[in-house]
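# Results of the structural survey
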Amino acid sequence: MAERNNMPVTSVKVGASLETFQETVLFFEKLGWRTKSVFPADNPRETGLLGHDIHLFVTIDTSTEKQNGPVVLFISPRNKELAKQLPLTAPNGTQLVLSRDDTGLDLPPSAPTFTTQIAANVAKSEHPESWVEGRAGMLYRDLIPGRQGGRYVASHIMIPNGGPVPDYVHYHNIRFQIIYCVSGWVKVVYEGQGDPFIMHPGDLVLQPPMIRHRVLESSDNLGVLEMSSPAEHMTQADFEMGLPSSPDVVASRKDFLWSGQRFHRHVASATDGWETIASEFARSWEKKELGIHTATNGLASVTLFRIADGVGSYGQRSEPFTKGDLKLQFILKGSAHVEVKQPNEQPKRFEVVASDTWVVPPLSVETITLKEEGLTLLEIWVDDRDGS
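Residues numbered from 1 in each chain as written. Predicted model: local features only at pLDDT ≥ 70, side-chain atom pairs only at ≥ 80, totals over all residues. Heavy atoms only, no water.

Turning our attention to the side chain of Thr-303. Tracing the chain through its elements places Thr-303 in strand 24 (residues 300-307). Classification of Thr-303 as buried rests on a relative accessible area of 8%. (Helix = DSSP H or I, 4+ residues; strand = E, 2+ residues; numbered from the N terminus. Buried < 20%, exposed > 50% of the residue type's maximum accessible area, 1.4 Å probe, protein only.)

Further remarks concern the packing of aromatic side chains. Within the structure shown, the criterion is met by eight aromatic pairs. Where Phe-256 meets Trp-258, the ring centres are 4.7 Å apart and the plane angle is 70°; that geometry is what we call edge-to-face. Given a relative accessible area of 7%, Trp-258 falls into the buried group. The interplanar angle of 70° and the centroid separation of 5.9 Å between the aromatic rings of Phe-350 and Trp-358 together place this pair among those described as edge-to-face. Assigned by exposure class, Phe-350 and Trp-358 land together as buried. Above the plane of the ring of Phe-256 lies Arg-253, whose end atom (NZ or CZ) is 4.8 Å from the centre. Just above the ring of Phe-305 sits the side chain of Arg-317; from NZ or CZ to the centre is 3.8 Å. (Phe/Tyr/Trp six-rings, centres within 6.5 Å; stacked < 30°, edge-to-face > 60°. Lys NZ or Arg CZ within 6 Å of the ring centre and 35° of its normal.)

Once rolled over the atoms, a probe with the size of a water molecule shows which space is left empty. In this structure, the largest pocket occupies an estimated 620 Å³ of space. Lining the largest pocket are 34 residues, and of these Tyr-140, Ser-155, Ile-157, Gln-177 and Glu-226 sit closest to its centre. At the level of elements, strand 10 (139-142), strand 11 (153-159), strand 13 (170-172), strand 14 (176-183), strand 15 (186-190), strand 18 (213-218) and strand 19 (222-229) are the ones that each hand at least two residues to the lining of the largest pocket. (1 Å grid on protein atoms, 1.4 Å probe; cavity = no way out; pocket = protein on both sides within 12 Å on 5 of 7 lines; lining within 4 Å. Points joined across faces, edges and corners; volume = space filled by probe spheres on them.)

Further remarks concern the sheet that holds strand 1 (residues 10-16). Strand order across the open sheet formed by four strands is 1-4-3-2, with mixed pairing between neighbours. Among the strands making up the open sheet, the edge pair consists of strand 1 and strand 2 (34-39). Strand-to-strand twist of the sheet, defined as the mean angle between neighbouring strand axes without regard to direction, takes the value 20°. Relative to strand 4 (residues 54-60), strand 3 (residues 46-51) runs antiparallel, the two being bridged by six bridges. Bridging across to strand 4, Glu-46 finds its partner in Thr-59. Where helix 1 (residues 21-30) meets the sheet, it contacts strand 1, strand 2, strand 3 and strand 4, and its direction lies at approximately 165° from that of strand 4. (Pairing = 2+ DSSP bridges. Axes fitted to C-alpha atoms, helices over the stretch in contact; angles between N-to-C directions. Contact = heavy atoms within 4.5 Å.)

Rendered as structure tokens:
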């Protein structure tokens with residue numbers, strides 16, 4: 001937190017009982033606060049202390065705490081040893097916790113589980129319980145029930161009524177995050193990437209950790225798929241950075257790495273990049289890798305798979321999932337029969353249509369069989385490495 005004339009920006013008053021007053025003052029002094037004022041001198045009822053960008057007033061008064069509970073101070077200690085000790089509780093009940101800006105990335109352990117989100121391509125008006133209103137008025141539908149133990153979240157995000165989006169420049173404390181446009185269009189702007197641009201169906205961006213960005217405008221019935229890790233992560237506003245970036249910032253961000261990842265934008269093309277899968281287990285299938293594997297240094301990949309029209313019953317793909325932490329499939333077009341075999345379990349069989357999703361755990365064998373011509377699906381794969 002910035003300081004003006006060496007004075008802290010934040011002032012906080014905390015109450016203490018007569019019995020805990022002196023003990024509380026000593027507690028804060030031991031943690032690096034310095035006594036600045038005492039009132040009155042002969043029989044102090046209030047002591048002012050400076051430290052860690054907080055002007056703290058400890059006073060003999062417990063009425064506030066009795067009404068509202070103990071005060072919680074979010075601090076950014078300059079003493080790293082103190083940071084390691086937090087959270088702490090003072091004798092008067094005041095709680096000291098590490099500022100959310102400094103907590104780092106909390107990545108839950110891997111907990112791979114088979115999940116499905118089936119027959120969910122429905123309007124909010126028909127199934128309102130499937131949608132919740134999130135940040136900036138956007139509607140969110142959870143695509144991974146249970147969220148793999150909190151390690152991943154995937155959402156189908158909708159904006160039914162287009163126009164300017166009440167967003168602000170912000171960033172996410174994440175390990176991995178992609179946005180894929182499913183329907184409509186959305187205008188966005190990113191730190192160091194020049195002028196705002198419009199994403200259309202089939203377009204994708206990799207949002208590296210902490211990159212500043214903003215959603216500006218959308219069409220009616222915008223739909224995007226967003227996947228992030230971890231599932232719960234902090235979103236912070238940046239009131240200082242203006243977007244779009246200046247030419248100097250754009251130049252400085254060329255080949256820039258955010259936590260080892262590069263910003264990546266894929267623009268959809270009907271033909272470019274498709275290749276036939278040379279395998280007897282995926283006859284008549286084509287695939288297109290969207291550049292995420294390179295941009296994330298191998299952490300993840302996003303691939304489109306499709307079957308050409310006229311294939312008929314030959315449109316089947318069967319393969320084991322032997323390496324990785326998660327494989328998510330999202331149907332973009334058409335329909336299919338799916339069978340998932342896991343070790344020592346009965347096969348799971350189900351049908352999928354557009355906007356349906358399923359997650360396959362490692363060591364599974366997945367078979368996808370064409371039901372309706374024109375089948376196209378999006379596959380997101382994440383490596384099993386730990387860390388941010």
